[in-house]
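# Report on the structure
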Amino acid sequence: MAGKRYINKVRTLWISSWLLSSILIAASIAVLNFFVWSEFAQVSFWWIPGILIPLAIGLILRSGILNLSLNEVTRLLNQSYPQLEESSDLFLKAENTLNTLEKLQIRKIEAELSTVETPASIYRRLKISALIFFASLIISLILNKFDLLNRIDITQIAGKSSDLPELKETLLPGIESVSLKISPPAYTKKSSRTQKQFSARVEEGSVISWEIETNQPVNTPEFIFNDKQSISLRALNKQRTRWAFNKRIDSSGFYQMKLEGKLSDFYKLETIKDQPAVIRIISPAQYSSIDIGEPKKTALNVQINDDYGIEDAFISATISRGKGEGVQFKDQKISLSASFDSERQYQFKKTLNLEAMGMAPGDELYFFINVKDNRKQESRSDVYIITIQDTVQLMSMDGMLSGVNLVPEYFRSQRQIIIDTEKLIKEKHQTNETEFKNRSNNLGIDQKLLRLRYGKFLGEETDEEIGEEHDDHTENEAIDFGNAEKMLDGYAHKHDIAEDATFFEPELKAQLKATLAEMWKAELRLRTYKPEEALTFEYKALRLLKDLQQKSRVYVAKTAFKAPQIKAEKRLSGELDKIIRPLNERKSDKSENRERSLKKATAVLARLKNGDRLSSEESTVLQDSGTLLAEKASAKPAEFLSALTALRRIMNTGSKAKLTDILSVEAAYQKMIRDEMKVPQAKNIGPGSALSKEYFNNLNRSRP
């Protein structure tokens, strides 16, 4: 049937249009990304298909165009062409299923269908995609032709380091080629590499081998490092056209090449510092304790990262036993069983068996992780402490007979509950089930009563209110509008708030709340006939209570001051003729001189913006500030070397200096001034200020 063939044709065109549209959008994104990222780094041409293919597949699958049905095509035809009388879907039905009216309708619209064109709406998305693709091509060609990102020197304006590529180096006339072979140190596990430019970014301790070829014989060329050290190159041939030099680079800086009396531009030498290993202990917590009933083991989970690899790692542990003058220490070194293959990241999981290490109740374990990287740099983690609680010490009465005790009458009850619980556990197999449950339930009741007694210190009023807030008053009560007191009952409590009804400090109140929580957990286990599990929470509650009792002590220093007796005949008898007016001498330090020099140079640069000519005195100011800038550039070439180059151009051109060079140097000076202001300095106090300050303090003390 001709009508059905036409519908299939429209479906094919619709799908093709969508597929081509998705490919164009993906190509636009891929091409634009390629040209943008090529301004920042070396990007291969295969970047484009690497982005285009997966992005195009994702757009096609997301659109669902491959599942386009013929019914959707006929719906589009009916909407686009009214002459089809909403009947194009009749062509999709089998001929033997059509009734007489449907056959007549097909004959009527078949002629109309042969005259209509493909709907233009299926090409709308393709046109928009084509416009986007051509726009991205134009933008990419502009970026590639005019090199805008390289023309805007962001580092010069902001005075900060940037990841943008370096500008092309300007070689001295007479240099044919240059080659730098960079040999990283052994600890990096990296192979040697070669580059064709003077500026280099190398690992700390690398050896750079320069090989320079000139197009004609020259005298001995020189390298000038950091404007201080001048070193001659050695000739490799008799024609004196090939020169070489080797140097180990341990710190950042800059250098120039001097050839036949001419100086080159400044070239950067940046070093990549070897950072110490980073240790992260995921578990256990920095301060943890093991209570009664818990296994005397702890899981150690450590993550170690290093930039070049790890050589060794171990646990340095110290066990502390005893108290006061009888304390004893035992050191252990536990190796982390792992094979270090210069990987940059390691994950260690180890279980520390405290009992196997010789720890007993009351002992404390202090440990830290010590790591040594490939460069023999050692780093260590923070100290972690694990304590095994001593039940004997908790059950003792030490400290109960002295100090101020806020809750002495109830403290012994928790000890008695623990004693009874341990007795019940021992006699469990000697009693029948009914008696065991009754005794366990009775202990739970005792624990509840003790918890309620302690709750009174926090303002708890009833058992239901422990650890909870008061419920709102009933909203369904009938309100007596003539009684103002009843009307306020729905909006305010008439009793005290539990949080405020306490005489504890906030820290003690928080610990007492934690104690009540442990008592509640112990009561729950006792009521469910699990005294073994309840014993752990009972000991925790006892430990918290004992800590609370120790914190509530009050110590008063019983000391006094007895002033010496003043002799009456000596008072007001001093001679004042030799007392002279104090002179405050202040010497300007080095940092102040540096800051003053930079500010003067900034003022000179401000005059240069107006096109004024430099005087000899102003040239001296810029030259002095250039020395300071060279020191900064040798320490941080990525931040200040471009400004130093701009300053040299300013001093050579004078009033014809470019505005960009002036702004670059000015920004560098402003940053140096801010750095100088951050340096901590001693406060200068005159000789007579101490006496006046003491007099002022005494006046304040004597005020009522």
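Refer to the structure above for everything that follows.
Computed from a prediction, not measured in an experiment: that's the story for all the values here. (Residues numbered from 1 in each chain as written. Predicted model: local features only at pLDDT ≥ 70, side-chain atom pairs only at ≥ 80, totals over all residues. Heavy atoms only, no water.)

Let us now look at the overall build of the protein chain. Each helix and strand counted, the protein chain has 18 helices and 20 strands in total. Counting over 704 residues, the protein chain shows a buried share of 37%. Sequence-distant contacts in the protein chain: of pairs separated by 6 or more residues, those separated by 24 or more amount to 66%. Looking at the protein chain as shown, the accessible area adds up to about 44,500 Å², and 53% of this sits on carbon and sulfur atoms. (Helix = DSSP H or I, 4+ residues; strand = E, 2+ residues; numbered from the N terminus. Buried < 20%, exposed > 50% of the residue type's maximum accessible area, 1.4 Å probe, protein only. Contact = heavy atoms within 4.5 Å. Areas by Shrake-Rupley, 256 points an atom, 1.4 Å probe, with all protein chains shown as cover.)

By size, the foremost hydrophobic cluster in this structure holds 28 residues, and its most contacted members are Leu354, Leu365, Phe367 and Ile369. For this core, the secondary-structure elements that each account for two or more residues are β12 (278–283), β14 (297–305), β15 (310–321), β17 (345–353), β18 (364–373) and β20 (384–388). Considering each element in turn, this core owes the most residues, five residues, to β15. Excluding anything up to four places from it in sequence, Leu354 contacts Ile290, Lys296, Thr298, Met359, Leu365, Ile386 and Ile388. In this structure, Ala601, Leu605, Ala657 and Ala668 belong to the second largest nonpolar core, which totals 27 residues. (Core = buried A, V, L, I, M, F, W, Y, C linked by side-chain atoms within 4.5 Å.)

Once that is clear, we can look at the sheet that holds β17. Strands pair in a sheet through their backbones, by hydrogen bonds, and they do so in one of two ways: parallel or antiparallel. On the basis of which strands lie adjacent, the open sheet formed by three strands has the order β12-β14-β17 and antiparallel pairing. The two strands at the open ends of the sheet, each matched to only one other strand, are β12 and β17. Averaged over all neighbouring strand pairs, the angle between strand axes comes to 20°, with direction disregarded. Taken together, the five bridges between β12 and β14 define a ladder with antiparallel strand orientation. (Pairing = 2+ DSSP bridges. Axes fitted to C-alpha atoms, helices over the stretch in contact; angles between N-to-C directions.)

Spatially, the five strands line up as an open sheet ordered β2-β1-β4-β8-β7, and their pairing is antiparallel. The sheet is open, and its two borders are formed by β2 (193–195) and β7 (234–235), each paired with just one other strand. With eight bridges joining them, strand β1 (residues 175–183) and strand β4 (residues 206–214) adopt antiparallel strand pairing. Each residue of the ladder has a partner; that of Ser179, found in β4, is Glu211.

Moving on to the pattern of salt bridges. Counted according to the given criterion, the structure contains 17 salt bridges. Between Glu203 and Lys190 there is a salt bridge, and its shortest N-O distance comes to 3.2 Å. Linking Glu203 in strand β3 (residues 200–203) with Lys190 in the loop between β1 and β2, this pair joins segments that are 13 residues apart in sequence. Overall, Glu203 belongs to the buried group, its relative accessible area being 2%. On the accessibility criterion, Lys190 (39% relative accessible area) is partly exposed. For the salt bridge of Lys376 with Glu311, the shortest nitrogen-to-oxygen distance reads 2.7 Å. Taken as a pair, Lys376 in the loop between β18 and β19 (378–380) and Glu311 in strand β15 lie far apart in primary sequence, 65 residues in all. With a relative accessible area of 33%, Glu311 lands in the partly exposed category. Taken together, the shared-partner salt bridges in this structure form one network comprising Lys190, Arg193 and Glu203. (Salt bridge = Lys/Arg side-chain N within 4 Å of Asp/Glu carboxyl O.)

This next bit is on the packing of aromatic side chains. All chains considered together, the criterion is met by 17 aromatic pairs. Taken together, a centroid distance of 6.1 Å and an interplanar angle of 85° make the contact between Phe223 and Phe225 edge-to-face. Pairwise contacts between aromatic rings join Phe198, Trp210, Phe223, Phe225, Phe245, Tyr255 and Tyr267 into one cluster. Over the ring of Phe314 we find Lys333; its NZ or CZ atom is 4.3 Å from the centre of that ring. Seen from the ring of Phe368, Arg380 lies directly overhead, with NZ or CZ sitting 3.7 Å from the centre. (Phe/Tyr/Trp six-rings, centres within 6.5 Å; stacked < 30°, edge-to-face > 60°. Lys NZ or Arg CZ within 6 Å of the ring centre and 35° of its normal.)

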